[in-house]
Amino acid sequence: MKHVTKAVLPVAGLGTRFLPATKSIPKEMMPIVDTPLVEYAVREAIEAGVKEIIFITSPTKKAIEAHFSKNQELENLLKKSNKESCISKAFPKEFDEITFHYAYQYEQLGLGHAVLQANHLIDQDEFFLILLADDLLINEPNVCKQLVEAHHKTSSSILALNKVSTEETKKYGVISFKDKASDISNCKPLSAIVEKPQTNPPSNIAVTGRYLLKGSIFNYLKNIKEGAQGELQLTDAINLAMQDNNFFGIEYEGIKFDCGSKEGFIRANLHVAKTQKINYE
Ligand code: UTP
């Protein structure tokens, strides 16, 4: 089986819940202690074996491109001021091996529309990861690795799932399972997914911001209509693809912070500050 080597990170959203901060700073560049949210997601993908990161960004969000680019002037300045230890923070060695691509979403028409902008960079039969950086997941092994492992067992598309309360189902993509008899170890076959059900959710199991999908998803993304919140929803394309292809879900182990909300963002900062050895200098 081919390795999963590409990850798509949609980062073109407006981040309206964090205005005024996001007027000039992309939401994904807001730091959890000292590291931008998006860097956690990029590191997670790299640890899972990814070699190409495809950002779907907006032409106005230059800070993300700057963050993942070499900056010889800064590197030289740090060397000159004997701040060698800062160089590995600003320019981690593992990023040297990675190709960063940038595709633009010119209008914020929704997550499905954002992912569609990566169409030209992924083959139809190629499996790839999608990470929503605002879901910060702290797990060992990390959730992308868990998805890749599940893909190796099933040769299929995989969604990362977690339990939510019935009231919370309104905020997420909520799934229905197929017959339990066809489980492959911890991977459960899925039959449908619905975005933000306002009434009668099919379960209380929701999708988290990590997906491992086949490139053929782009055919479905081209055919979806406006869905929940008037946006082109990735969930609707996945639901169509589920009628023709096998999809499995894994209920991952670990902690999730929804950093797209203020509460999740603050909790994530407190958690990382408490659990990691931070140098407060
Ligand atoms: P969100 O809905 O959480 O992000 O999308 P948002 O729209 O930026 O946030 P609010 O609700 O206005 O505060 C999840 C992810 O999908 C990306 C976002 O950047 C975020 O990482 N996204 C969303 C896009 O890239 N394009 C879109 O049109 C919508």
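Note that the structure is predicted; figures quoted are calculated from it, not measured.

Observations concerning the pattern of salt bridges
Now for step 1: Within this structure, the stated rule accounts for 15 salt bridges.
Now for step 2: Among the ionic pairs, Glu94 bridges to Arg43, the shortest N-O distance being 2.9 Å. Placement of the pair is Glu94 in the loop between helix H4 (84–90) and strand S5 (99–104) and Arg43 in helix H1 (residues 37–47), with a sequence separation of 51 residues.
Now for step 3: On the basis of relative accessibility, which here comes to 37%, the residue Glu94 falls in the partly exposed class.
Now for step 4: A cluster of three or more residues bridged by salt bridges with shared partners is formed by Glu39, Arg43 and Glu94.

Quick notes on the nonpolar core
Now for step 1: Grouped together as the largest cluster of nonpolar side chains are 36 residues, with contacts concentrated most on Leu9, Val38, Val42, Ile53, Phe55 and Leu129.
Now for step 2: At the level of elements, strand S1 (6–10), H1, strand S4 (52–57), strand S6 (127–131), helix H6 (143–154), strand S8 (157–163) and strand S12 (247–251) are the ones that each hand at least two residues to this core.
Now for step 3: Sequence-distant contacts of Leu129, defined by excluding residues within four places in its chain, comprise Val4, Lys6, Ala7, Val8, Val50, Cys144, Leu147, Val148, Tyr211 and Leu212.
Now for step 4: One finds Leu132, Ile175, Tyr211 and Ile238 within the second-largest nonpolar core, a separate group that totals 32 residues.

Some thoughts on the site of the ligand
Now for step 1: Around the ligand there are 17 residues in total, and Gly13, Gly15, Thr16, Glu28 and Gln105 lie nearest to it.
Now for step 2: Measuring from an oxygen atom of the ligand, one finds a backbone N or O atom of Arg17 at 2.8 Å.
Now for step 3: One of the side-chain nitrogen or oxygen atoms of Gln105 is found 2.7 Å away from a nitrogen atom of the ligand.
Now for step 4: Protein chains shield 84% of the accessible area of the ligand, which is 570 Å² for the free molecule.
Now for step 5: Class assignment of the residues belonging to the shell around the ligand gives a composition of 7 nonpolar, 6 polar and 4 charged.

Observations regarding unusual backbone geometry
Now for step 1: A cis geometry characterises the amide bond from Leu19 onward to Pro20, with omega recorded as 5 degrees.
Now for step 2: Structurally, Pro20 is set in the loop between S1 and strand S2 (31–32).
Now for step 3: Of note, the amide linkage connecting Glu140 to Pro141 takes the cis form, showing an omega dihedral of 0 degrees.
Now for step 4: For Pro141, the position within the fold is in the loop between strand S7 (135–138) and H6.
Now for step 5: For Val33, which is not glycine, the phi dihedral falls at a positive 60 degrees.
Now for step 6: Mapped onto the elements of the fold, Val33 is located in the loop between S2 and strand S3 (35–36).
Now for step 7: At Ser155, a residue that is not glycine, the phi angle is positive and equals roughly 55 degrees.
Now for step 8: On the secondary structure map, Ser155 appears in the loop between H6 and S8.
Now for step 9: The exposure class assigned to Ser155 is partly exposed, which follows from its relative accessible area of 44%.

How each quantity is defined
- Residues numbered from 1 in each chain as written.
- Predicted model: local features only at pLDDT ≥ 70, side-chain atom pairs only at ≥ 80, totals over all residues.
- Heavy atoms only, no water.
- Salt bridge = Lys/Arg side-chain N within 4 Å of Asp/Glu carboxyl O.
- Helix = DSSP H or I, 4+ residues; strand = E, 2+ residues; numbered from the N terminus.
- Buried < 20%, exposed > 50% of the residue type's maximum accessible area, 1.4 Å probe, protein only.
- Core = buried A, V, L, I, M, F, W, Y, C linked by side-chain atoms within 4.5 Å.
- Contact = heavy atoms within 4.5 Å.
- Near = heavy atom within 4 Å.
- Polar contact = N/O pair within 3.5 Å; in protein donor to acceptor, adjacent residues only side chain to side chain.
- Areas by Shrake-Rupley, 256 points an atom, 1.4 Å probe, with all protein chains shown as cover.
- Nonpolar A, V, L, I, M, F, W, Y, C, P; charged D, E, K, R; others polar.

Everything listed here is a matter of coordinates, which is why it stays silent on function.
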